[in-house]
Amino acid sequence: MPHMDDLGAMMRPDLHVFYVLDTSGSMQNKPIGVLNRAMESTVDALKQVAAHHSDANVKIAVLEFNSTCRWINPNGPEYLDDFFWSDLVAAGKTEVGAALRELDSKLSRSAFLNSMTSAFLPVIIFMTDGFATDDYERELQKIMRNRWFSKATRVGFAIGRNPDTEMIAKLVGSSEAVIRTEDLGVFARLLRFVSVSASTLAGNSHTRDAEISGAEAVRAGLNMTDIDPGEVIPVINTVDFQTPQIDARPGSADKAFTWDDQREW
Amino acid sequence: MGAGLEAGASLRTKFNKEIRVVKQLGDGSQGIVYAIDYDGRPMALKWYRPNVFYDRQKFIDNLRNNIMSGKPTDDFLWPVDMVEVMGGSFGYVMDLRPEGFVEARELFLHPNLFPSYRRAIDACMNVVSAFNVLHSKGYCYQDVSGGNFFVNPHSGQVLICDNDNVAPAGIDTGIRGTPRFMAPEIVVENSVPSVQSDRHSLAVLMFMMLCVQHPLEGVRFTKAGSLDPTMQKRLYGIEPVFIMDPDITTNRPDPAFPNALKVWPCLPEHMRRIFLRAFSQNALKNPNRRPSEMDWIRELVRFRSEVVNCVCGNEVFLENARPRTCDKPSCGRRVGTALRADLPGYSLPFVDDTRIYRCQTGVCDANVALEPLVWVLASRERPDVLGVRNVSRAPWGVSQGASIHMVAPRQTVMVIPDMELRLNEERIHISRNV
Ligand SMILES: [Zn+2]
């Protein structure tokens, strides 16, 4: 009988967790500082998940984008044990389309997803604080034909004053898979919790019919905190603005509508 | 909103006991576990997150029933009391996990936490015996997996937790189990878990503990590419194939992950046989063809006493006490024992730490199957001089020729070749192993 020391850990399929992070000029100063620390504590939390995950080998890959895009791990996703966060610097434009093109080229068994075992559908987490400066929709249409992308557990973070929340919702496929917050502290916490919930859910076998949606991961992540979902999940286009049907004759609509007379200029 | 409790928070239980939260111990998907002071005693509280229930009231009713019926054996971290507060949050009180226990799935990642293979067998025996008792009381566990019990790798003792899932067999609580451990019929038809589906999960668990590999995850799994839900449904439900199936060779273990390839050829024939039976196409497709808990216990108690240490330290399995060559490549010594015990049906090496259990001496009830009867011990002065200790609660006899000597509980007598142990209705002959 082989000695217990001669038996390795049980075989586990890989689970790739991708981060696609906006490091454009608008992220300068405090936001990039918060992002760096948030990623550091997220990596730390994922290390703990990975160390005790008997169903998956968790690996991480980070793509930053500004005027160009760059993989922090150019040789492909790394095991959490081997991964240490290095701070990113913010500068340049917000080339979202270029990032999607790059991601598409690597989401394949012959590129970043090659491994000794099979792999679970990946987790992909996007973060931006602004608007794309290129034609991202064309690239989105292309990458949606890649099953590893379209069936992935996708979550988006829209942070800062003026992010393109609708774009993020399109990238992740649903507004319920988006977290919208101006509070950088809330962002940092939720990045960690949602990363943990997404990788725990996606890295367990699921013999049911549907993939794990980003919305499920967001809900599970929020469930680990005391943050009210209503405060961070944006409402996008759920109510179409409609012109009320009113009688067009002057003076005739007065009975149906009232206006605040006391309101100040 | 937040489900958590603050340290120092004070609550009152159903049995009108005062509890105080001491600190958080763990955090899971269903809820948080706290260390508490329960009426002066240190205990644990599992506190549920809101909205994790299929049918909240049914769940609470079932939990209350489990509390009222009491734990099946000491191997269960059973709910003993519950707390319900305004706003709908609730939880249950149970014993704390004692020192030295680790989650079973940690052992899949670090099999060498077991100091010896024998302890891994002990753990299997204890877990299957606990489920034997649970099932015999009419319950079904529904969610047997590596995440639901703790093991003390140094003693082989187990503690089964998450007993809030336990329900009378046939009741639908909405639970379908943990993927990888779920029986094919649940994967395919989403049927209600049963004692028979628990048995599939137990068999998976034992294969994982003893071979450190999943029984259905061979090359069809490693070469699948993307493990999307459709592929997983195929591997675990629609077309499951045992990696050691003698007839279907399309799902052999991937040589890159050789744990099962290393262990399987060393296993005694009877252990290979029960695994082949448990994961045969017949048993995978027909729940009532799966080995029962008693079937497993009988093979495991036999297996545990077939493990003998070679002088090189390697553990060698001596089926029917037959001597064999040590299978550590650098050793090659001949390993055998001077004595063997002839039980009905098979023989065991008779050496230090050989154990004979109640279920090896005739028909018995589920709850006494692993009651110890005989324990073989090497003397302190000379390791080759053995004694047999009565580790049961009643006297039994040893005889040689016509004379019978009664051995009282806790008494130890010296072993003499050709003596007989008289246990219940069985006579076990101690023979020289030439
Ligand atoms: Zn040896």
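Calculation rules
Residues numbered from 1 in each chain as written. Chains lettered and ligands numbered in written order. Predicted model: local features only at pLDDT ≥ 70, side-chain atom pairs only at ≥ 80, totals over all residues. Heavy atoms only, no water. Helix = DSSP H or I, 4+ residues; strand = E, 2+ residues; numbered from the N terminus. Rg over C-alpha atoms; globule rule 2.2 N^0.38 Å. Buried < 20%, exposed > 50% of the residue type's maximum accessible area, 1.4 Å probe, protein only. Contact = heavy atoms within 4.5 Å. Areas by Shrake-Rupley, 256 points an atom, 1.4 Å probe, with all protein chains shown as cover. Lys, Arg positive; Asp, Glu negative; His and termini not counted. Charge placed at Lys NZ, Arg CZ, Asp CG, Glu CD. Pairing = 2+ DSSP bridges. Right-handed = clockwise from strand over helix to strand, strands pointing away. Axes fitted to C-alpha atoms, helices over the stretch in contact; angles between N-to-C directions. Salt bridge = Lys/Arg side-chain N within 4 Å of Asp/Glu carboxyl O. Polar contact = N/O pair within 3.5 Å; in protein donor to acceptor, adjacent residues only side chain to side chain. Nonpolar A, V, L, I, M, F, W, Y, C, P; charged D, E, K, R; others polar. Donors = N, O, S within 2.8 Å, 3.2 Å for Na, K, Ca; no water. Tetrahedral: all angles 85-135°; square planar, octahedral: opposite > 155°, others 65-115°. Domains from an automatic or database assignment.

## Quick notes on the overall build of chain B
On a plain count of helices and strands, chain B comes out with 11 helices and 25 strands. For 434 residues, the compact-globule formula gives about 22 Å, and the C-alpha radius of gyration of chain B, at 24 Å, lands near that figure. With the C-alpha coordinates of chain B rotated into their principal frame, the extents come out at 75 × 55 × 40 Å. Evaluated residue by residue, chain B yields a buried proportion of 56% over its 434 residues. Summarising the internal contacts of chain B: among those between residues at least 6 apart in sequence, 56% fall at separations of at least 24. Accessible area for chain B stands at about 18100 Å²; split by element, carbon and sulfur atoms hold 50% of it. Charge separation in chain B, taken as the distance between the mean sites of 51 positive and 48 negative side-chain charges, equals 3 Å.

## Some details on the overall build of chain A
The helix and strand tally for chain A stands at 8 helices and 7 strands. For chain A, buried positions account for 54% of its 265 residues. Look at the contacts in chain A between residues 6 or more apart in sequence, and 75% of them connect residues 24 or more apart.

## Observations regarding the pairing of strand β2 (residues 57–65) of chain A
Consecutive residues of a regular strand have side chains that alternate between opposite faces of the sheet. Residues and elements named next belong to chain A. Among the 9 residues of β2, 9 are classified as buried, and the element is accordingly described as predominantly covered. Burial of the side chains of β2 extends over both faces: Asn57, Lys59, Ala61, Leu63 and Phe65 are buried on one face and Val58, Ile60, Val62 and Glu64 on the other. Pairing analysis gives 9 bridges linking strand β1 (residues 14–22) to β2, with the strands arranged parallel. Its bridge partner lying in β2, Phe18 is registered against Ala61. Between the parallel elements β1 and β2, the chain passes through helix α1 (residues 30–51) in a crossover that is right-handed.

## Description of the sheet that holds strand β19 (residues 372–378) of chain B
Residues and elements named next belong to chain B. Spatial strand order, β18-β19-β20-β23: 4 strands in an open sheet with antiparallel pairing. Of all the strands in the sheet, just β18 (355–357) and β23 (412–414) have a single pairing partner and so form its edges. Each strand of the sheet is rotated relative to its neighbour by a mean of 20 degrees, with strand direction disregarded. The pairing of β18 with β19 spans 3 bridges and is antiparallel. Its bridge partner being in β19, Tyr357 is matched across the sheet by Pro372.

## Describing the interface of chain B and chain A
Chain B puts 46 residues into the contact, and the matching count from chain A is 38 residues. In this structure, the salt-bridge partner of Asp228(B) is Arg147(A), at a minimum N-O distance of 2.4 Å. For the pair chain B and chain A, the number of links is 15 residue pairs in polar contact (both at pLDDT 80 or more). Sorting the residues of the side of chain B that touches chain A by element identifies α2 (104–109), α3 (117–136), α6 (219–222), α7 (229–238), α8 (259–263) and β13 (315–317) of chain B as the ones contributing at least two each. For the side of chain B that touches chain A, the per-class residue count stands at 23 nonpolar, 11 polar and 12 charged.

## A few points about the coordination of the zinc ion
Around a metal, the ideal angle is 109.5 degrees if four donors adopt a tetrahedral arrangement and 90 or 180 degrees if six donors adopt an octahedral arrangement. Residues and elements named next belong to chain B. Looking at the zinc ion, one finds its protein donor set to be Cys310 (SG), Cys312 (SG), Cys326 (SG) and Cys331 (SG), positioned 2.3 Å from the metal centre. Around the zinc ion, the 4 donor atoms are arranged such that angles at the metal cover 105 to 115 degrees; this shape is classified as tetrahedral. Each donor residue of the zinc ion lies on one chain, and together they are spaced C-x1-C-x13-C-x4-C. Taken as a pair, Cys312 in the loop between β12 (307–309) and β13 and Cys331 in the loop between β14 (324–325) and β15 (334–335) lie far apart in primary sequence, 19 residues in all.

## Here's the deal with the domain arrangement of chain B
Entries for chain B in the domain assignment read domain 1 (10–94), domain 2 (102–297) and domain 3 (337–432). Between the C-alpha centres of domain 1 of chain B and domain 3 of chain B there is a distance of 44 Å.

## Comments concerning the side chain of His200(B)
Among the secondary structure elements, His200(B) is positioned in helix α5 (residues 195–211). Those residues in contact with His200(B), other than ones at most four positions away along the chain, are Phe181(B), Met182(B), Ala183(B), Pro184(B), Phe279(B), Leu284(B) and Arg290(B).

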